[in-house]
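Here's the letter readout for the chains.
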Amino acid sequence: MAAPDEQELSQEQTEKLLQFQDLTGIDSMDQCRRTLEQHNWNIEAAVQDRLNEQEGVPSVFNPPPSRPLQVNTADNRVYSYIVSRPQPRGLLGWGYYLIMLPFRFTYYTLLDIFRWPWERRQWSRWELPGFALRFIRPEPRGRVTDPVGDVVSFIHSFEEKYGRSHPVFYQGTYSQALNDAKRELRFLLVYLHGDDHQDTDVFCRNTLCTEEVLNFVNTRMLFWACSTSRPEGYRVSQALRENTYPFLAMITLKDRKMTVVGRLEGVIQAEDLINQLTFIMEANQTYLVSERMEREERNQTQALRLQQDEAYLASLRADQEKDRKKKEEEEQKRRQEEVARQIVLAEERRQQTLQEEKERRSESLPPEPSPDNPDSVKIVFKLPNDSRVERRFLFTQSLTVIHDFLFSLKETPEKFQIVTNFPRRVLPCLPTEERPIPPTLKEAGLSRSEVLFVQDLTDD
C-alpha cells in the first residue's frame, strides 16, 4: 500500500496544483501540495493564506502555542555588537551636558508621571529614568491582555510616522513568531522600539526603512517588532533585557532551543547592520542545517514507519480476510452438512411413517375371498418394475380396497394410479370433491378377471 504522500493525484487536483504554483511562485511542488492539502484543496483559501504569510500575518494553521516557547538568553557564545554614543569632548561639551542634566531629569520624570513608562533599560549617561513613582504606582504594562492588538497598534503608529516602506512586520504575538521560526527553521529578528529614545527616530528613518535593509530582512528572516511602551513589547523587553535603544536581537533554533545568538544595540548604519546580521547568520547556519537534516531523517523514519505500519495493517487485514473467508466456508460447510443431515433424518422419518402406514393399511385389508365365491374378482396387477401381483376381491368392495392393497406392497411406489388396459382409463380409487365415496368394483365395470396396470406418479 502506498504512503499518503505517494498517492496519485486526480486530474482536478493536478490542475489546482499547477495553478497554485503559478499564482504563488513557489518552486517546490511538494510545498505547494502540502499547502493545498492543508486547505482541503481549496485553492482560493490556500492562495489567501499564502498572501497573509507574506504580509506577516500568521497562518491559520499555526495557532498560538498553548505553552509559550522558552528562549535561551544566557548563551555565553551570544554575539553582542554595541554602537556607543560619542562622549562629551572638551570643557564646552561637558559644560553643556551638566547644564542640560536637570532639565532632562525633570522632563523624563514628568513624562513618566503622565504616561506609561517608555522602556526598561539600564541607565544611560545621557538620560535619567523616571523610576521613582514605581514605589507608589504599579507597573501598568505588566498585564498583557491583547498581545496581537499591541503589535498591530505599533505597526499602525510606525507606518503613520515613517511610512509603509519598511521590512514586513510579523502581525502576531512574540510567541507566535517564535513558534513559526522554530517550525520553519528560520532566523527571527526582534526589534524593540523605544518611543522616546533620542536615537529611535534616526535609526528608523536612516537604517530600518532603507531599501537595502528592507530587501535583506524580507528575504532572509522573520521580523517581529513592538514598542516597549505597550504590554507585549514590555514583556519581551523584560525577557531580552536590552541595555539601550535601538535594540535588535537575532533568535534561532540552536541545540533544540530557541536561543538569542546576536544582540545589536545603538544607532547602527544600514550597511553595518546588514554586515552584522550576515555574520550572525553565517555563524549559526550550521545549527539550522543540522536541525533540517535531523528533521528530514525523522520524517524519513516516520514515513518508513508509516509504510511499515500500513504494510503490517494490510497484511493483518489480508490474514483477517482469509480467516473470515475460512470461517465462512467452514460455517457454510457446517450448514450444508446440517441441512443434509436434516434431509436424511426427514427422509428416514418419512420412510418410517410410510412403512407404518403401509403396515396399518395392510392390517386393515379385508380377507381375500375364495376362488369359488361367485362375487369374487381375480385381478392381476402389473407393477412399474415389471413384476406381477395377483389377488381376489369382491364386486361389492370399494376401489379403495384395491388402492390400499397395492399401497401396502413394498414394490409399489409411494404415489401411483391404477389404469385399465382397454379401453384405457384411470380408476377413481381415492375420494375427491366431486366423488367423495369411490365406486365399487362392480360400479367401476370390472369383470371377473382383470389385468390392471400400476402407473408410478412419484416423479410427478
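These numbers come from a predicted model, not from an experiment.

A look at the overall build of the chain
Thought 1: When helices and strands are counted, the chain shows 11 helices and 10 strands.
Thought 2: The burial tally for the chain puts 37% of its 460 residues in the buried class.
Thought 3: Long-range pairs, those at least 24 residues apart, make up 67% of the contacts in the chain between residues at least 6 apart in sequence.
Thought 4: With an accessible surface of roughly 27800 Å², the chain has 52% of that area assigned to carbon and sulfur atoms.

Points about the pairing of strand E5 (residues 247–254)
Thought 1: Most of E5 is tucked away, with 8 of its 8 residues classed as buried.
Thought 2: Along E5, one buried face is formed by Phe 247, Ala 249, Ile 251 and Leu 253 and the opposite face, lined by Leu 248, Met 250, Thr 252 and Lys 254, is buried too.
Thought 3: Bridge count for strand E3 (residues 187–193) against E5 is 5 bridges, and the pairing is antiparallel. Residue pairing in the sheet places Leu 192 in a bridge with Phe 247 of E5.
Thought 4: Bridging between E5 and strand E6 (residues 257–265) involves 8 bridges; their strand directions are antiparallel. Within E6, the position partnered with Ala 249 by the bridge is Arg 263.
Thought 5: Linking two consecutive strands that pair antiparallel, namely E5 and E6, is a turn of 2 residues; a positive phi of about 55° is found at Asp 255 within it.

Details of the packing of helix H8 (residues 211–220) against helix H10 (residues 270–364)
Thought 1: The interhelical angle for the contact between H8 and H10, taken along N-to-C directions, is 20°, at an axis separation of 9 Å. When the axis of H8 is compared with that of H10, the two are roughly parallel. Remark: the crossing between H8 and H10 carries left-handed chirality. In this structure, H8 uses Glu 212, Val 213, Phe 216 and Arg 220 to contact H10, whose residues at the interface are Ala 270, Leu 273, Ile 274, Leu 277, Thr 278 and Met 281.
Thought 2: Grouping the constituent residues of the contact of H8 with H10 by class yields 7 nonpolar, 1 polar and 2 charged.

With respect to the packing of aromatic side chains
Thought 1: In this structure the tally under the stated criterion is 11 aromatic pairs.
Thought 2: Plain terms: the ring middles of Tyr 191 and Phe 203 are 5.6 Å apart, the flat faces sit at 35° to each other, and that makes the pair tilted. Of this pair, Tyr 191 sits in strand E3 while Phe 203 is found in helix H7 (residues 200–208), placing the two residues 12 residues apart along the sequence.
Thought 3: Residue classification places Tyr 191 among the buried residues on the basis of a relative accessible area of 0%.
Thought 4: On the accessibility criterion, Phe 203 (0% relative accessible area) is buried.
Thought 5: Three or more aromatic residues link up through ring pairs in this structure, and these residues are Phe 154, Phe 158, Tyr 162, Phe 169 and Phe 223.
Thought 6: A cation sits over an aromatic face here: Arg 391 above Phe 393, 4.8 Å from the ring centre.

Remarks on the pattern of salt bridges
Thought 1: The full count for this structure, using the stated rule, is 26 salt bridges.
Thought 2: Two residues, Arg 186 and Glu 184, come together in a salt bridge whose shortest N-O distance is 3.3 Å.

Section: helix H5 (residues 147–162)
Thought 1: Along its 16 residues, H5 runs 22 Å from first to last C-alpha, staying within 8% of the 22 Å computed at 1.5 Å per residue.
Thought 2: Taken as a whole, H5 has its buried residues at Asp 150, Val 151, Phe 154, Ile 155, Phe 158, Glu 159 and Tyr 162. Along the axis of H5, the buried positions cluster into a sector of 160°, meaning they face one direction only.
Thought 3: Those residues of H5 that are buried lie in contact with E3, H7, strand E4 (221–227) and helix H9 (231–240).

Each value, and the rule that gives it
Residues numbered from 1 in each chain as written. Predicted model: local features only at pLDDT ≥ 70, side-chain atom pairs only at ≥ 80, totals over all residues. Heavy atoms only, no water. Helix = DSSP H or I, 4+ residues; strand = E, 2+ residues; numbered from the N terminus. Buried < 20%, exposed > 50% of the residue type's maximum accessible area, 1.4 Å probe, protein only. Contact = heavy atoms within 4.5 Å. Areas by Shrake-Rupley, 256 points an atom, 1.4 Å probe, with all protein chains shown as cover. Pairing = 2+ DSSP bridges. Axes fitted to C-alpha atoms, helices over the stretch in contact; angles between N-to-C directions. Parallel < 35°, antiparallel > 145°, perpendicular 65-115°, else oblique. Left-handed = near helix turned anticlockwise from the far one by under 90°. Nonpolar A, V, L, I, M, F, W, Y, C, P; charged D, E, K, R; others polar. Phe/Tyr/Trp six-rings, centres within 6.5 Å; stacked < 30°, edge-to-face > 60°. Lys NZ or Arg CZ within 6 Å of the ring centre and 35° of its normal. Salt bridge = Lys/Arg side-chain N within 4 Å of Asp/Glu carboxyl O. Expected span 1.5 Å × (residues − 1). Arc of directions from axis to C-beta.

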